[in-house]
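# Geometric and topological summary
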Amino acid sequence: MIVNILGWIILLLPIVYIGYLIFVELKMRKLHRQDCDHSTGKQKELNNALFQAVEIGDVEKVKRAIVDGADVNVRGFGGKTPLIRIAHRAMDEKHCHDQANMAMVRTLVEKGADVNLKDSFDHSAIEYCDWYIPPGTAPQIIEFLIKNGAKGFPLNSRYIDGG
């Protein structure tokens, strides 16, 4: 009897696991379809150029992409905007002290980026900046976003006014 039950468990476990993987893959594809940039042609190229410039921290390329017509509120994978991607970049140990983060945030906000947009996981740029209490440029970005209308107060508010 026990051998028979173990046999069924051994047989069904991989099937259930494969089903779970398929479910997760379909869910991620749905997220991607809902939140990604659906523009085509030249606009898609400009939006991609903006995201690539943000990823490498090239302020001049960010400015150029915006001047050329990139959408400052475009959504990438997971619904992340360029502003949210910069917040992610500011958390990364490799880039957290890069002053390009602040320059890119300033450029995007001056060109109309919405500081309160949230991604598919319901997090805004200010929340990502505050998430892991990084040193570097995150406190400057948090302060700038609040001064420019970011809603919700960061959890680690000690960064603002020496709090």
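Attention in this report is confined to the structure presented alongside it.

The rules we used
- Residues numbered from 1 in each chain as written.
- Predicted model: local features only at pLDDT ≥ 70, side-chain atom pairs only at ≥ 80, totals over all residues.
- Heavy atoms only, no water.
- Helix = DSSP H or I, 4+ residues; strand = E, 2+ residues; numbered from the N terminus.
- Buried < 20%, exposed > 50% of the residue type's maximum accessible area, 1.4 Å probe, protein only.
- Contact = heavy atoms within 4.5 Å.
- Patch = residues over 30% accessible without salt bridge, like charges linked within 9 Å, V, L, I, M, F, W, Y side chains within 5 Å.
- Areas by Shrake-Rupley, 256 points an atom, 1.4 Å probe, with all protein chains shown as cover.
- Salt bridge = Lys/Arg side-chain N within 4 Å of Asp/Glu carboxyl O.
- Core = buried A, V, L, I, M, F, W, Y, C linked by side-chain atoms within 4.5 Å.
- Axes fitted to C-alpha atoms, helices over the stretch in contact; angles between N-to-C directions.
- Parallel < 35°, antiparallel > 145°, perpendicular 65-115°, else oblique.
- Left-handed = near helix turned anticlockwise from the far one by under 90°.
- Polar contact = N/O pair within 3.5 Å; in protein donor to acceptor, adjacent residues only side chain to side chain.

## Focus: the overall build of the protein chain
Scanning the protein chain from terminus to terminus reveals seven helices and zero strands. Secondary structure elements in the protein chain, listed N-terminal to C-terminal, are α-α-α-α-α-α-α. Counting only residues that meet the buried cut, the protein chain has 40% of its 163 residues in that class. Pairs at least 24 residues apart make up 67% of the contacts formed inside the protein chain by residues separated by at least 6 positions.

## Observations regarding a nonpolar patch on the surface
A surface patch of nonpolar side chains, about 820 Å² in accessible area, is lined by Tyr-17, Ile-18, Tyr-20, Leu-21, Ile-22, Phe-23, Val-24 and Leu-26. Assignment of secondary structure puts Ile-22 in helix 1 (residues 2–35). You can call Ile-22 partly exposed: its relative accessible area is 48%.

## Notes on the environment of Glu-45
By the element assignment, Glu-45 lies in helix 2 (residues 41–56). The sequence separation of Glu-45 and Ala-65 amounts to 20 residues, and the corresponding C-alpha distance is 9.3 Å.

## A word on the nonpolar core
Formed by 34 residues in total, the largest nonpolar core has its most connected members in Leu-50, Leu-83, Val-105, Leu-108 and Leu-145. Elements with a minimum of two residues in this core: helix 2, helix 3 (59–68), helix 4 (82–91), helix 5 (100–110), helix 6 (125–131) and helix 7 (138–147).

## Some words on helix 5
One full turn of an α-helix is made of 3.6 residues, so residues set three or four places apart face in the same direction. Most of helix 5 is tucked away: eight of the 11 residues are buried. Taken together, the buried positions of helix 5 are occupied by Ala-100, Asn-101, Met-102, Met-104, Val-105, Thr-107, Leu-108 and Val-109. Where helix 5 is buried, its residues contact helix 2, helix 3, helix 4 and helix 7.

## So, the pattern of salt bridges
In total, this model carries five salt bridges according to the counting rule given. Asp-119 serves as the salt-bridge partner of Lys-80, at 2.7 Å between the closest nitrogen and oxygen. A residue pair is termed long-range when its members are at least 10 positions apart, and Lys-80 in the loop between helix 3 and helix 4 and Asp-119 in the loop between helix 5 and helix 6 qualify at 39 residues. For Lys-80, a relative accessible area of 9% corresponds to the buried category. Taking relative accessible area as the criterion, Asp-119 reaches 6% and is therefore assigned buried. Residues Glu-127 and Lys-118 are paired through a salt bridge, measuring 3.8 Å at the closest nitrogen-oxygen approach.

## Concerning the packing of helix 5 against helix 7
It is the contact of helix 5 with helix 7, at a shortest axis distance of 9 Å, that shows an interaxial angle of 15 degrees. By the angle class used here, helix 5 and helix 7 are roughly parallel. For the pair helix 5 and helix 7, the crossing hand works out as right-handed. Residues Asn-101, Met-102, Val-105, Arg-106 and Val-109 of helix 5 form the contact with helix 7, whose own contacting residues are Gln-140, Ile-141, Phe-144 and Leu-145.

## Structural notes on the environment of Asn-148
One can find Asn-148 in the segment after helix 7. Take Asn-148: its relative accessible area is 36%, and that puts it in the partly exposed class. When neighbours within four sequence positions are excluded, Asn-148 is seen to be in contact with Val-109 and Val-115. At 2.8 Å, the side chain of Asn-148 forms a polar contact with the backbone oxygen of Phe-144.

## Details of the environment of Ile-56
Turning to its location among the elements, Ile-56 is positioned in helix 2. When the C-alpha atoms of Ile-56 and Ile-86 are compared, they prove to be 10.0 Å apart, with 30 residues separating the residues in sequence.

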